[in-house]
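# Coordinates in review
Letter by letter, the chains look like this.
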Amino acid sequence: MDVLEAIQKRRAIRQYLPDPVNREDILAVLDAANRAPSGLNRQPWEFVVVTGEKIFEMGANYRSTLDEYLSHWDQSPMRDFITREGFTRFAETYGGAPVVIVVLIPIDEKPNFRKADLESASAAMENLLIAATALGLGTCWMTGPLRDESALRRILAIPDDREIVAVTPLGYPEKIPRAPARIDADLTQKVRWVG
Ligand SMILES: Cc1cc2nc3c(=O)[nH]c(=O)nc-3n(C[C@H](O)[C@H](O)[C@H](O)COP(=O)(O)O)c2cc1C
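## Looking at the site of the ligand
Inspection of the region around the ligand gives 15 residues, with R10, R11, R14, W141 and G144 positioned closest. For the ligand, an oxygen atom lies 2.8 Å from a polar atom in the side chain of R10. Here W141 contributes a backbone N or O atom positioned 2.8 Å from a nitrogen atom of the ligand. A class-by-class count of the residues in the shell around the ligand yields ten nonpolar, two polar and three charged.

So this is what it looks like as C-alpha cells:
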C-alpha cells in the first residue's frame, strides 16, 4: 500500500479483534513514529507499549470519567460513528485492542520547547497511525483518557518529568467505520493561493 492510499484508508477504529499483534509489527509502527521530523531534531517522543490487564485498568479509569459526557450523548459528534453503548464499551476496553501505545514528551526541560515537542510528537503519532494502516492494523488517536491524567500516570508509572500527549489502541480492526465527510472537500474555502 502506498502512503497516499494509507492516508486515505486510515480510520479511527473503535472495535478490534482479539488477535495479537506481532512484536515486529509493533516495532515497525514505532520505527515509523521514530522517523518523524522534530523541532531542533530533539526527537522528544517516547512510547509506552501496554498489553494485558493494564489495558483494562486504563479502560476502567477512562470509563469512570465519562458519565457527564455520556449523559449528553445526543449532542456528541461521535453519534455519527458509534452508538452510546459501543462508545462506552470502547472506553472500557480500548475497543478490545490487544495493545495500547502511549506517547510521551519531556516536561518543562525548557517550557518554550513544549509547543515544538507537542508538534513533533503529533508528527510521530501520525506516522504511527499511517504505518499501522499500511500493515492492516487499526488505531484511534485518543486524548479522552487524559481526562484523569493523574490516574493514568499512576497506572502506567509515568515519571513526573514526562507529559502524556496521546494514546492509541493498536490491533486488527473488527469494524472499519465509513470515512467522515471532508469539510470543504474541494479545498475552495480552506486554501488561499498567493502569488
Ligand atoms: C487530537 C485528537 C484527539 C482524539 N481523541 C479521541 C478520543 O479521545 N476518543 C475517540 O474515540 N476518538 C478520538 N479522536 C479520533 C477522532 O474522533 C477521529 O479522528 C475523527 O472522528 C475523524 O475520524 P477518522 O479518524 O476516522 O477520520 C481524536 C483525534 C485527534 C486528532
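## Re helix α7 (residues 149-156)
Every buried residue of α7 is listed here: A151, L152, R153, I155 and L156. Against the buried residues of α7 lie β1 (46-51), α3 (53-64), β2 (99-106) and β4 (162-171). In the stretch just after α7, A157 is the one whose phi turns positive, near 55 degrees.

## Description of the packing of aromatic side chains
Under the defined criterion, the tally for this structure stands at five aromatic pairs. Taking the centre distance of 6.1 Å and the plane angle of 50 degrees together, the rings of F87 and F90 count as tilted. Here F90 and F87 lie together in helix α5 (residues 84-93), a separation of three residues that amounts to about one turn. Comparing F87 with F90 shows no difference in burial state: the two are buried. Joined through ring pairs, the aromatic side chains of Y69, W73, F87 and F90 make up one cluster. Over the ring of F90 we find R14, and its NZ or CZ is 5.9 Å from the ring centre.

## Some remarks on the nonpolar core
Within soluble globular proteins, side chains that are nonpolar tend to cluster in buried spots. If you look at the biggest cluster of nonpolar residues, it comprises 27 residues, and the most contacted ones within it are M58, V102 and V167. Mapped onto this core, the elements with two or more residues apiece are α3, α5, β2, α7 and β4. In this structure V102 touches E46, F47, V48, V50, M58, L156, I164, A166 and V167, once residues within four positions along its chain are discounted. Listed in part, the 23 residues of the second largest apolar core include L30, A33, W45 and A131.

## Things to note about the packing of α3 against α5
Two quantities define a packed helix pair, namely the angle between the axes and the distance from one axis to the other. Between α3 and α5, the shortest axis-to-axis distance is 5 Å and the interhelical angle comes to 130 degrees. By the angle class used here, α3 and α5 are oblique. Contact residues: α3 offers I55, F56, G59, A60, Y62 and R63, while α5 offers F87, T88, A91, E92 and T93. For the contact of α3 with α5, the class distribution of residues is six nonpolar, three polar and two charged.

## Quick word on the pattern of salt bridges
Evaluation of the coordinates by the stated rule reveals eleven salt bridges. A salt bridge links K54 to E57, with the shortest nitrogen-to-oxygen separation between them at 3.5 Å. Here E57 and K54 lie together in helix α3, a separation of three residues that amounts to about one turn. The salt bridge involving E92 is made with R63; its shortest N-O contact spans 3.6 Å. Here E92 is found in helix α5, whereas its partner R63 is found in helix α3, with 29 residues between them in sequence. Classification of E92 as partly exposed rests on a relative accessible area of 34%. According to the relative accessible area criterion, R63 is partly exposed, its value standing at 22%. One network of salt bridges, with partners in common, ties together E46, D161 and R162.

## Side note on helix α2 (residues 23-34)
The terminal C-alpha atoms of α2 lie 16 Å apart, and with twelve residues this matches the ideal 16 Å at 1.5 Å per residue to within 8%. Within the span of α2, buried status applies to D25, I26, V29, L30, A32 and A33. The arc enclosing the buried residues of α2, seen along the axis, measures out at 155 degrees, which places them on a common side. Set apart from the buried face of α2 by more than 90 degrees, the exposed residues are R23 and E24. The elements touched by buried residues of α2 are β1, β2, α6 (114-134) and β4.

What counts and what doesn't
- Residues numbered from 1 in each chain as written.
- Predicted model: local features only at pLDDT ≥ 70, side-chain atom pairs only at ≥ 80, totals over all residues.
- Heavy atoms only, no water.
- Near = heavy atom within 4 Å.
- Polar contact = N/O pair within 3.5 Å; in protein donor to acceptor, adjacent residues only side chain to side chain.
- Nonpolar A, V, L, I, M, F, W, Y, C, P; charged D, E, K, R; others polar.
- Buried < 20%, exposed > 50% of the residue type's maximum accessible area, 1.4 Å probe, protein only.
- Helix = DSSP H or I, 4+ residues; strand = E, 2+ residues; numbered from the N terminus.
- Contact = heavy atoms within 4.5 Å.
- Phe/Tyr/Trp six-rings, centres within 6.5 Å; stacked < 30°, edge-to-face > 60°.
- Lys NZ or Arg CZ within 6 Å of the ring centre and 35° of its normal.
- Core = buried A, V, L, I, M, F, W, Y, C linked by side-chain atoms within 4.5 Å.
- Axes fitted to C-alpha atoms, helices over the stretch in contact; angles between N-to-C directions.
- Parallel < 35°, antiparallel > 145°, perpendicular 65-115°, else oblique.
- Salt bridge = Lys/Arg side-chain N within 4 Å of Asp/Glu carboxyl O.
- Expected span 1.5 Å × (residues − 1).
- Arc of directions from axis to C-beta.

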